[in-house]
Structures are given as structure tokens and as C-alpha cells.
Amino acid sequence: MRAFIQDFRYGIRTLLRSPGFTALVVVSLALGIGANTSIFSMVKAVVLRPLPGVQDAQKLVMLMGLGKTGRFFTFSYPNYKDFRDRNEAFSALIATSTTPLSLSGESGPSSRPERVWGELVTGNYFSVLGVNAVRGRTITPEDDGTPGAHPVAVVSYGLWQRRFGSDPNLVGKTIRLNGHPFTAIGVASPGFGGSTVGLTMDVFVPMMTQAQVIPLGDWLNQRDTGWLIVLGRLKPGVSLGQAQAEAKTIARQLEQEHPQTGLERGYDMAAFPLSQAPFGARKELSPVLALLMAVVGLVLLIACANVTNLLLARGAGRRREIAIRLALGAGRWRVARQLLTESLLLALLAGVAGVLLALWATDLLSTFRPPSPLPIAIDTSLDGRVLAFTTLISLATGLLFGLAPALRTSRPDLVTALKDEASAGGYRKSRLRSLLVIGQLSLSLVSLIAAGLLLRGLNKARQVNAGFDPSNVLLTSLDLHPLRYSESQGRVFYRQMLERLSSLPGVRSASLASLVPLGIGQRRCDGVEIPGYTPRRDEDMCIDLNVVGPSYLQTMGIPLVRGREFNLEDTEDHRAVAVINEAIGRRFWPGQDPIGKTFVTAGRSRVVIGVARDSKYLSLRENALPYIYLPLLQQYEPMMTLHVKTAGDPMSLLVAVRGEIQSMNPDLPLFEIRTLAEHMGGSVFGERMASTMLGVFGALALLLASVGLYGVMSYAVSQRTHEVGVRMALGAEQGDILRLILRQGLMLVLMGIGVGVAAAWAVSRFLSGFLYGVSATDLATFAGVSTLLAAVAMLACYLPARRATKVDPMTALRYE
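Thresholds applied
- Residues numbered from 1 in each chain as written.
- Predicted model: local features only at pLDDT ≥ 70, side-chain atom pairs only at ≥ 80, totals over all residues.
- Heavy atoms only, no water.
- Buried < 20%, exposed > 50% of the residue type's maximum accessible area, 1.4 Å probe, protein only.
- Helix = DSSP H or I, 4+ residues; strand = E, 2+ residues; numbered from the N terminus.
- Pairing = 2+ DSSP bridges.
- Contact = heavy atoms within 4.5 Å.
- Core = buried A, V, L, I, M, F, W, Y, C linked by side-chain atoms within 4.5 Å.
- Axes fitted to C-alpha atoms, helices over the stretch in contact; angles between N-to-C directions.
- Parallel < 35°, antiparallel > 145°, perpendicular 65-115°, else oblique.
- Left-handed = near helix turned anticlockwise from the far one by under 90°.
- Nonpolar A, V, L, I, M, F, W, Y, C, P; charged D, E, K, R; others polar.

K.L.:
Can you help me understand the pairing of strand β12 (residues 473-479) in this one?
P.N.:
Successive residues of a regular strand alternate their side chains across the two faces of the sheet. Most of β12 is tucked away, with seven of its seven residues classed as buried. Alignment of β12 against strand β21 (residues 639-646), held across seven bridges, turns out to be antiparallel. The residue of β21 that forms the bridge with Leu-474 is Val-644. Pairing between β12 and strand β22 (residues 671-675): three bridges, direction antiparallel. By the bridge assignment for β22, Ser-477 is matched with Phe-671.

K.L.:
When you look at the environment of Pro-215 in this model, what are you seeing that I'm missing?
P.N.:
Along the chain, Pro-215 turns up in the loop between α6 (210-213) and β10 (229-234). Note: C-alpha distance between Pro-215 and Arg-484 (269 residues apart in sequence) is 8.2 Å. In this structure Pro-215 touches Gln-210 and His-481, once residues within four positions along its chain are discounted.

K.L.:
Can you help me understand the nonpolar core in this one?
P.N.:
Core analysis: the largest hydrophobic core is formed by 85 residues, its most contacted members being Leu-29, Leu-346, Phe-401, Leu-694, Phe-697 and Leu-709. Beyond its immediate stretch of four places on either side in the chain, Leu-29 contacts Ala-303, Cys-304, Val-307, Leu-346, Ala-347, Ala-350, Thr-397 and Phe-401. Core analysis: the next-biggest nonpolar cluster, separate from the first, contains 43 residues, Ala-89, Val-187, Met-207 and Ile-250 among them.

K.L.:
Would you mind going over unusual backbone geometry with me for this structure?
P.N.:
Phi angles above zero are rare outside glycine, and Asn-472 is one such case at about 55 degrees. With respect to the helices and strands, Asn-472 occurs in the loop between α13 (426-463) and β12. Residue Ala-602 is not a glycine yet carries a positive backbone phi of 50 degrees. Mapping Ala-602 onto the fold places it in the loop between β18 (598-601) and β19 (604-612). The exposure class of Ala-602 is partly exposed, given its relative accessible area of 24%.

K.L.:
Got a minute to help me understand the packing of helix α3 (residues 77-86) against helix α7 (residues 240-257) in this structure?
P.N.:
Interhelical geometry of α3 versus α7 gives an angle of 130 degrees and a closest axis separation of 11 Å. In terms of orientation, α3 lies oblique with respect to α7. In this structure, the crossing between α3 and α7 has a hand that is right-handed. For the pair formed by α3 and α7, the contact residues are Asn-79, Asp-82, Phe-83 and Arg-86 on the first element and Glu-246, Ala-247, Ile-250, Ala-251, Gln-253, Leu-254 and Glu-257 on the second. Grouping the constituent residues of the contact of α3 with α7 by class yields five nonpolar, two polar and four charged.

K.L.:
What is the right way to look at the pairing of β19 in this model?
P.N.:
Buried residues dominate β19, accounting for seven of its nine residues. Where strand β16 (residues 560-563) and β19 come together, three bridges link them in antiparallel fashion. Across the sheet, residue Gly-563 finds its bridge partner in β19, namely Gly-610. Examined bridge by bridge, β18 and β19 share four bridges and lie antiparallel to one another. Looking at β19, one finds that Val-600 is bridged to Ser-605. Connecting β18 to the antiparallel partner β19 that follows it, the hairpin turn spans two residues, and Ala-602 within it adopts a positive phi of roughly 50 degrees.

Below, the structure written as C-alpha cells:
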């Protein structure tokens, strides 16, 4: 221990004697360590700690129905109760469902309506998750016994602070949710935001209050309506496979007892850890995070290679010092240990600087939020796990970049070093430094090619024809069910609203839709029955659909191939109609005119009155997807998104649109206001985030590699000063010296590009899932990025080479 303290003190004195060298090493490493720390903070939030505030969240298991085509199904409440009562594998099962709510108080400042997100939960929800209340109590089975009998609510800690000003007397007061009175019984513990990974809920209410918070029917008694996520904890000694096998057995029993289960016949059951859920933030972000972690790992390797080169060069300058210590009796291990201690000190200083850099970078990363109506919340704070990770990679980095220089420097030629002459092993040392530079250049090229491919793919995705015109369309969402509109009142309201908005100056058309194309998480499908059509055994008859208002196709700019679209006459009193896209016609009525054909969906038989051109609905990558449009005035839904096609800037008409709506009902809030073009940006969110971050880290890698190349060339020039003087004394021109030095750098650059292209060609196939319209081995990208790297690298070589041409021959001949 005493020897270590001595090494530590001597190392500090040595680094302080070379402040420029120390600063260069620390900055180089801090960039790599900071990049890794910032990305790991996102990995921690999404993968390692998916549900803050929940005890043993990694042990939670999710149950879902699994269709023949791989489609997942949620549970109805009757199905949940049967699984809860019949299973023997779980110690407890809970059910939840998220929904937007209108929150207001009885009086005072909290009476202002606010749109919040709530979670309906079963009575055992909080006890199974191990979540307590910091004030009051949580929901219990007694609160969840009789529908509507106990309208109580638990508010989140964040909402308690934000909305209620941390009111210590909130417990026992009445708040209003969707216009109904609820008694606030508690405040959840800090950090807890519900059981949906990546989302933060504001209010928790008992399952039995479904009619008050989701007034769309008696879902508690409808077995064919799936709307619940089911989670549970396994009993001790029960494996995940056993739980899934038992769930399949129960599913077969229910299929025989209740043919209308709301699930596909012959469906399977899937049980998986909540951390591996097939949807949510983890599924959406994990591929992007894995890619970013790989890239920042490359950046750190480049930084390590850069610092290794600097230490080798510095070690050459300390040959005489090391030789004297060895001559005085110090062992080689003692000297190597001292050099490793200095490397670890540098790495720890870089780790501290990297944490400071990551504090800034995580704030920047938080701006990459997908445009979604959901309350997305990902905690990227630098907690103990992140700091432990930073400490670990700092120590590993210190050993990685410090070991080779320590072993090389601690083994000098004593006679040559004590005479302070050029090392006889200089060529071998130069070769090692050259290999490190080649490695830096090749890793930089891999990062830059990956960024280039993603940027080209993103540009291609933005240019794709989505099948509709996103220009000059204003979007805003509104929800009538918190204001307790009946279906008939809602139809009248929406009809009158569209008539009034369509007459505004500057408005070309207006319509409504329950879903907006290419929205994150926006999808609805219903089973379809076609008279005279027999589905194949494995055919998925669940077709995506959208409930839309009159003139929707006109407003969206979707061409009508034949027939007509909905108008104000397609009401509940007339025959049920539908508009389909071309893909449905090709699938179910090939070679026939679909107009006049009938099919059954959403509980009614419908007649096809129009065929619309195929569009992109869920993703820009999708092939032609069968799609159905249903008329709002027949298939009423209370929450819709208003689409207003304008002659000019759509945001300029927002005030007029808001004024018309509030003149009809001043209590109706508008939310999620944006343009359709802005909304479409969410469809390429993953690609945009990955390409931006890869571009940043690729540029960082290029900078580090260029600095490393510049350092090697500068060192080579300093070692060859005597040679340059001799050449110039013998008649060499400045151009000859310039070509001599540049030739050495050019060889390093060409070898680095060759290795980098081969490596990028090998690993680029892993990017294919992120690319749109671009090959993973796109020659234009490979050639363009290689040219850019060569230009920057040659600039780094030119500066030392130019300095070599300024050498005074007489001074150089006296050099050394």
C-alpha cells in the first residue's frame, strides 16, 4: 500500500510537470468516456431500470394472447378474472389499462381542467408491485369491489407537486376526473410512474370505475373486448415455461367455454419478462441504443489508440530517465507499475471530465423525444449505476492504453539510452505507432460510413410518396367523452363543427379521423368476414381500419380510384357503408369491381361505396397494407383528430379554428396541435436519432483519428530532423521534403482506409433494419466517406510536413 501511495504521488508530480500533455490525453479520453456514459444512461433507463419505484421489476412477467400470425392480443376483464382464479403458477396477477383523463378540482386554482394520463388498476396492483404511498394510502381490493361504488384515486408524486403544489392536505379532498367526483386517498412514492415501461402516469383509479373514466360501454362484462395488460409474479420454483404452459391450458378451456373470447381462434399464449415486452420504449429504442453503444465503443477505442500513441512518444522522450532508474537498481516491474499508475491517474481524470461532459450530453439527448401523445418519460440521470459504469470503463481504459507503453518504455537499451542517442529499436516503435494510427483511421471510417448510410436512408425516407399530401394540413386532437357527450350529441357537435370550419376563409376542407397515418403506436384492427370467402388456415383476417369524417380523402389528398367518399348524409339512419383501399380489393375480390360488395366488421355488415389509392399507414417501409375507412357519423368515437386543409400556412389559422370550436363549447380543450408534416417526422424518429448521434460520434472519431495521425507525423518529423537537414544540405528542394513526409502519411491513410472499408463492408449488414431505400453496401456512401476521411487525414499530414520544409539545414545538422 505504501509503494502504491508513492507511485500515486510521483505520478501526480510527473503529470503536473507536463500540463499540455496531460490536458491533451484527458480531453481525448473524456470525449470517449463521456459519449459512453451518456448513451449508457439511456440504456440504464430503458433496459436496466424499466420501472422506477417498483420492487424487483425485472421479475415481473407479462401474459398476452398470441395469434397465428404473431399478433399480440390484450385481455378482456372476464378473461383476466378467469386466468387470475384458475392459474397455479403466479402468486398474483394484476390488470391495468392506460387512458387520457380530464382532471379538475372542485374549486380554487385546481379547478382549471387539465388533460392528464391515468391508469385503471385492479385492487391488488400496488401490493403486487410493492409500491407504497408517501401520503395517505394506495388502492386496495376493497376499493375495487363494486362498479362505481368507491370512486377513489391515487395521484403520482409528480402530479402532486406540479398540480397541487405539494398540498399536505390533499388526501381526503375531491378531484374531478372526466367530470366525475373522485376522492384523493393517497400520493404515490417518488419516482413511481406506473407499470408501462417508458411512460409516466399521473392518476391511478380502481378498475371498477371504468364506466366513469372510459365511458365507451360496459367493458367489465364484455368478454370479446380486449383492453387490459396482465402482469404477475411467479411463485417460488415455477419457471417461465411452466407458467406459459399453464396459461395455454387455461386458454384452451376458455375457448371451449366461451367461443367469443375476443381472441383469434386457436390462439397461443405468450409469457415473457416485462423487460422483454414486445412493445413500448424498450422494444422501440433497444436496437437504436445497441447501435449507439457500438459506435461510442469505437470512439473510445480510437481515443485509447490515440492516447497509446501519445504515451509511446512520451516514453521515447523519457528513455534516459527510465534508464537511470533501472541502472540504479529499480526492477522492470517497479518501473512498469509506476507508468501504469500514471496511466490510471490520467484515465480517472478523464472519467471525471467525462461525467461532466455526460451531464451536458444527457440534457441534449432528452431533446430526442418521439412526437407522441403518450406521456413518455425516460430518466437519463447519472445515478449510481451510471457512475459505476463510468468508473469501470475509466479503469479498463487506463489499463488498455497504458499497458503497451508501460511494457515498451520499461525495457530500454540502457547503454544507448544513457548516452541519449537515438534508439536502435526506433523502427519497431514507429511500426507500432503506425499500426495504432491505421486502427484509428479504420474505426473512424466504420463510424462515418454507418452515419452516412443512415443519413442517406433518412433522406430517402423523407422523399418517399406516402400516398397522401402532408402540406398545409393543421392537426389538433379533441375529446368529447370527458365532457360527457352522448353519441347523438357527439355526432351533432362534430357535424356542426366541420360545417363551420369549412366555411372559414383560407380553409379548403376539414375532416376528422380517429388515427393519423404514420403515428407512433396508432393502430386499430378488427376482424373481417367476407361472404363467400373462406380464409386459409393461417390467414390473418384482422384488418387495419380508421374512423374518419366526411371529405377525409379530399383533405388528406388521397386519390379516389372509384366510387365516392363519405359525406354528411352517411349517418346512423342510412345503410352502413365503408371505403376500402386497393389492397383489400386485390386480396378479396381480385379481378372484380369492389363497389357494392359487402363485408362484416366492427359488428355490422357494410357496403363498399369507394376505393381509395393505397397509402402508407403504419410505416414508410410497409408494403401495400389492406385498410378500411369507416364513417364517423355511423361508427362514432368521442376522441378524434381534426384535419384542416388550408390555402397557406396552417398554423396561421390556428386562432380562427380554436375560436370556432370554443364558441361551440368553451370547456373543450385542444391538444396535440401540430401540422401533418411535423407529425410525419415521428415516422422516422429512430432513423433521425440514430443518424444524428452517429454523425456526431463519427465526426468525433474523425477528429480523434486526425489528432492521432498529426501526432505521429509530428513525432516522425522531429525524429527525422537530422535526416531532413542532411537532405537539404545535399540539395533537396522543399517540394522533395514535402513529398517525402507526405508519402509516409499517405501510406498510413491508404492502409487505414483499406482496412476500414473491409470492416465497414462486413458490419454494414447489421444496419439494414435502419435503412430505407439504400443498400447496406451503397458504393456512393463508401466512396464519398472514404474521400472525406482521406482529405482530412492528408491535411493532418500536411501540417507537420510543411513544418519540416522550414527546417534550417545548419540547425538540423547540429540537432541531437
